[in-house]
Each structure stands twice: as structure tokens, then as C-alpha cells.
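The residues making up each chain are set out below.
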Amino acid sequence: MSILCVLVKEAHIHELGNSFNSYVVVKIGAVKSTTKVIQGVQPSWQEEFFFEINEQDIGLTIELWNRGVLWDNLLGLYWLPLLQIKNSNCSNEPANDIQISLDSELCLQDDKIIGTQVSTGHKLIINARIESSNIESNEIESVELHQNLDLLDQVLKKVEKKIFSN
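Residues numbered from 1 in each chain as written. Predicted model: local features only at pLDDT ≥ 70, side-chain atom pairs only at ≥ 80, totals over all residues. Heavy atoms only, no water.

(A) Looking closely at the overall build of the chain. Along the backbone of the chain there are one helix and nine strands. Helices and strands appear in the chain in the N-to-C order β-β-β-β-β-β-β-β-β-α. Taking 166 residues into account, the globule formula puts the C-alpha radius of gyration at 15 Å, and the chain, at 24 Å, lies well above it. Projected onto its principal axes, the C-alpha coordinates of the chain cover approximately 90 × 35 × 25 Å. Put simply, the chain has 166 residues, and 36% of those count as buried. (Helix = DSSP H or I, 4+ residues; strand = E, 2+ residues; numbered from the N terminus. Rg over C-alpha atoms; globule rule 2.2 N^0.38 Å. Buried < 20%, exposed > 50% of the residue type's maximum accessible area, 1.4 Å probe, protein only.)

Structure representation (C-alpha cells):
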């Protein structure tokens, strides 16, 4: 199991002159998280979300919304395959920043999301990384330790054999 960490940083909304009350929705599978609503054409959230993931052949859907009086309007969305996100245990490292050009339509194939299309002109900046859980790290270290102990045991047996054969 790994942890997907997504920091929603800021947006650049292409349309000027309109009043925007925007928020971001981050979805993976049936789980979603939502930022608070921020006013303006360059909202900054700096909100981080964490998702437990067991497989990396899926993707993350990121949506930018404008809060309305009666209903909310989708400003743009993007599908980010998890395979494109770096593995890192360093929190908010600038190398993990991703600038996203938002689109207006999802691309589907066999009822699975494979991407987005038709640019809206809006942009979103996120910081994303996948962290290996400590359980996985401990399991890996345990296997490596076990292998090293086996090698040491083999060497000791060879030395013992030489000592007793002389």
C-alpha cells in the first residue's frame, strides 16, 4: 500500500472581469476531497489531501469548479495517471509540482477514463507524490536483512568447513 499526496496550490482562471468563487475537487476511484472556496481569478488554496492506493494503473481526476447561487459550474478538469506521479517521501518538493492545462471533456475507452480534451485555457498547479508506506519499507528491509544473513551463514559454513578439514 502507498499514499498518494496531492497539494492543490493555485489556479489561473483565463476569463477576466467575472467574479469567481472557485474550488477544486480531487478524485481517485470513489473517494474525493474538496478544497475550500476562494474568490478571484488566481485563487490559492495550499490544501493537501492524502489517498490510500493499492494499485498504480489508475488515475486521479482533478476538477476546477465555480460556486454558483443555484448550481456550480465546471470550469475544467484533468485526468492524471498515477504512473506519471513521482515516488518521493519529500513533502512539497518543487520537483513534484505539476502545471495542468484544464480541459472540458473526459476521454473514455471501454468505460474507463484515459484522458481529457478540449482546452478551457484555465490552469491549475498541484504538487503530487506517491509515498511508500513504512510497512512496505520495513518489509523490504526485512527481506534484505534476511538475504544478507543467509549470505553470512553460507560464508561461515565455508570457513567452518575449511577449519575442520585441516
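(B) Geometry of the packing of aromatic side chains. Using the criterion set out here, one finds one aromatic pair in the structure. Look at Tyr 23 and Trp 65: their rings are 6.5 Å apart centre to centre, the planes differ by 10 degrees, and that puts the pair in the stacked class. Remark: Trp 65 occurs in strand S6 (residues 59–66) and Tyr 23 occurs in strand S2 (residues 21–28); sequence separation between them is 42 residues. Of the two residues examined, Tyr 23 and Trp 65, each falls in the buried class. (Phe/Tyr/Trp six-rings, centres within 6.5 Å; stacked < 30°, edge-to-face > 60°.)

(C) Molecular detail of the pattern of salt bridges. Tallying each qualifying case throughout the model produces five salt bridges. For Glu 63, the salt bridge is made with Lys 27, and the minimal N-O distance between the two is 3.1 Å. Of the two residues, Glu 63 is situated in strand S6 and Lys 27 in strand S2; the sequence distance between them amounts to 36 residues. The salt bridge involving Asp 72 is made with Arg 67; its shortest N-O contact spans 3.3 Å. Judged by its relative accessible area of 25%, Asp 72 falls in the partly exposed class. Taken together, the shared-partner salt bridges in this structure form one network comprising Glu 48, Arg 129 and Glu 131. (Salt bridge = Lys/Arg side-chain N within 4 Å of Asp/Glu carboxyl O.)

(D) Quick peek at the pairing of strand S1 (residues 2–12). A large share of S1 lies buried, amounting to eight of its eleven residues. The sheet contact formed by S1 and strand S5 (residues 44–53) spans eight bridges and is antiparallel. Bridging across to S5, Cys 5 finds its partner in Phe 50. Sheet topology note: the S1/strand S9 (residues 112–132) ladder contains ten bridges and is antiparallel. For Val 8, the partnering residue across the bridge sits in S9 and is Ile 126. (Pairing = 2+ DSSP bridges.)

(E) Focus on a nonpolar patch on the surface. Taken together, the side chains of Leu 145, Leu 149, Leu 152 and Leu 156 present a nonpolar region at the surface, about 390 Å² in accessible area. Tracing the backbone through its elements, the reader meets Leu 156 in helix H1 (residues 134–165). (Patch = residues over 30% accessible without salt bridge, like charges linked within 9 Å, V, L, I, M, F, W, Y side chains within 5 Å. Areas by Shrake-Rupley, 256 points an atom, 1.4 Å probe, with all protein chains shown as cover.)

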